[in-house]
Amino acid sequence: MITAIRGFNDILPGDSEIWRHIEESAYRIFSTYGFSEIKLPIVEKTELFLRSIGETTDIVEKEMYTFPDRHGDLLTLRPEGTASAVRAYIEHKLYTAPVTKLYYTGPMFRYERPQKGRYRQFYQIGAEVLGDDSPRADAEALEMLMRLFGRINLKGVTLQINSLGCPDCRPVYKEKLLNFLKDKTGELCENCVRRIDTNPLRALDCKSPGCIEATKNAPSIIESLCENCKTHFEKVQYYLKLSGLTPALNPRMVRGLDYYTKTTFEITAEGLGSQNTVAAGGRYDGLVSELGGPKTPCFGFAIGIERVALILKEEGIESRPLSVFISLGTEAEAKGVELVSGWREKGIRVVEEFSEGPLKNRMKRADRLGARYVIILGENELNSGVVAIKDMVAATQETLPWDKIAQRISAQ
RNA sequence: GUGGGCGUAGCUCAACGGUUAGAGUACAGGACUGUGACUCCUGGGGUUGGGGGUUCGAAACCCCUCGUCCACCCCA
């Protein structure tokens, strides 16, 4: 038997409806905030990710699917979407507009050990606001995201925010932190000691007991922000409050991509085990210019679709009722073709049960197909211009004229 | 990449190292030629994940491998 490769999953019926629900809700809501969809390629030149994500990040160092194509160019299956969105923004000179709001969805690829909520091919819905430095942009994007989670009824979500500063103040803080950590290297875990020079901030986020203890009194980045970053961060919180959001401040939150500046955030949910981040993102004011575009402040985020779907599946979502049509006899069969077609024109979700044999068996099949309603057209009904419609949940049955069926089913 | 748990029928799971690996459920048919879920009968289903080893004898014990789950790492 040929199976799918490790970490690459099929999304089967039963799950795919939940996915569609999430994606369609996102499109609808994002659109009301002025976002438009951009379709991006799944493969990019490796260099794009090296330069955007950062050469010393875990993603670039050990998680990318990279391969040479037939001409020997190094290509990579995208591990995230922001890099591509920014590349397209620059390539097509979208910066001539005052502000650009984009969203996209699709698979991302990272070579990691799969576990619950983490797969090698996984799906994200991403959104990027390009060309807006206002703290209102940060707050509005977060409001939009929380609105989506509210709309799809995602339970147990927590919003945490932080500010990572800018090229002016972050190095100052890094220096402070380094001084603090210098004489504590004995208490830090192996990992944190290794990256103390490349990325000392990681120690703040480390879960090993030694690191937690050692960094307990570490200086806070929020207190080291420059005037500009500080006001920005305060305003973001002010506007979030106006939107009715009260995020938890987490000065220890560090992101895995190098391009973030100022505001960063993370939304976690309950019931996912240790991979509990359902959405995350932040501001990246330097990325566009680093990739060769004009200086452009941006804010963006990504949602992990399978993680959201896992939670919604746990909670259960309602799906549209299915009707199964059964005709008895050649003449009823012929009339049925016309009737079923008419119901579908009206948007009724109806399948026909084609098998022959005793009605009892056909009812049984209809039940197993998941029918909410079974619509029966036999000789008696045909002659009177009606059908029998049975509600399989309520176990009630009524007789209705042909043109009342769509109305009856839609009424539910 | 590291550590641990688990792989037996489509699904959920039994089976002390010892007959022909079972049960529930699902599936096919019938009891029942116009009414599902409940009942009864019959039937098809298995390389016990794969490979090697120990043993008179392995689903079980050992090694390797693959898959899966959980955690670490990391992230969405």
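Please refer to the structure placed before this passage.
Residues numbered from 1 in each chain as written. Chains lettered and ligands numbered in written order. Predicted model: local features only at pLDDT ≥ 70, side-chain atom pairs only at ≥ 80, totals over all residues. Heavy atoms only, no water.

1. Some remarks on the overall build of chain A
Counting secondary structure elements, chain A contains 16 helices and 16 strands. Expressed along its principal axes, the backbone C-alpha trace of chain A runs to roughly 90 × 50 × 45 Å. Looking at the 412 residues of chain A, the share that counts as buried comes to 50%. Considering only residue pairs separated by 6 or more positions, chain A has 70% of its internal contacts joining residues 24 or more positions apart. Only carbon and sulfur atoms are counted for the fraction: they give 49% of the accessible area of chain A, which is about 21400 Å². A gap of 2 Å separates the mean positions of the 55 positive and 56 negative side-chain charges of chain A. (Helix = DSSP H or I, 4+ residues; strand = E, 2+ residues; numbered from the N terminus. Buried < 20%, exposed > 50% of the residue type's maximum accessible area, 1.4 Å probe, protein only. Contact = heavy atoms within 4.5 Å. Areas by Shrake-Rupley, 256 points an atom, 1.4 Å probe, with all protein chains shown as cover. Lys, Arg positive; Asp, Glu negative; His and termini not counted. Charge placed at Lys NZ, Arg CZ, Asp CG, Glu CD.)

2. Here we look at helix H1 (residues 16-32)
Taking 1.5 Å per residue, 17 residues should reach 24 Å; H1 reaches 24 Å between its end C-alpha atoms and fits that length. Packed against the buried residues of H1 are strand S5 (100-109), strand S6 (121-130), helix H5 (135-151), strand S11 (298-304) and helix H12 (305-315). (Expected span 1.5 Å × (residues − 1).)

3. Remarks on the nonpolar core
Formed by 92 residues in total, the largest nonpolar core has its most connected members in Phe30, Phe149 and Ile303. Looking at this core element by element, the count peaks at eight residues for H5. Not counting residues up to four positions away in its chain, the partners in contact with Phe149 are Leu154, Val157, Ile267, Val278, Ala279, Ile303 and Val308. Among the nonpolar cores identified, the runner-up in size contains 17 residues, and Leu339, Trp343, Ile375 and Ile409 belong to it. (Core = buried A, V, L, I, M, F, W, Y, C linked by side-chain atoms within 4.5 Å.)

4. Some remarks on the packing of H5 against helix H10 (residues 227-242)
Contact geometry of H5 with H10 gives a least axis separation of 8 Å together with a crossing angle of 40°. Classified by the angle between their axes, H5 and H10 sit oblique to one another. The way H5 lies across H10 gives a crossing that is right-handed. Contacts from Pro135, Arg136, Asp138, Ala139 and Leu142 in H5 reach His232, Lys235, Val236, Tyr239 and Leu240 in H10. (Axes fitted to C-alpha atoms, helices over the stretch in contact; angles between N-to-C directions. Parallel < 35°, antiparallel > 145°, perpendicular 65-115°, else oblique. Left-handed = near helix turned anticlockwise from the far one by under 90°.)

Structural measurements only, silent on function.
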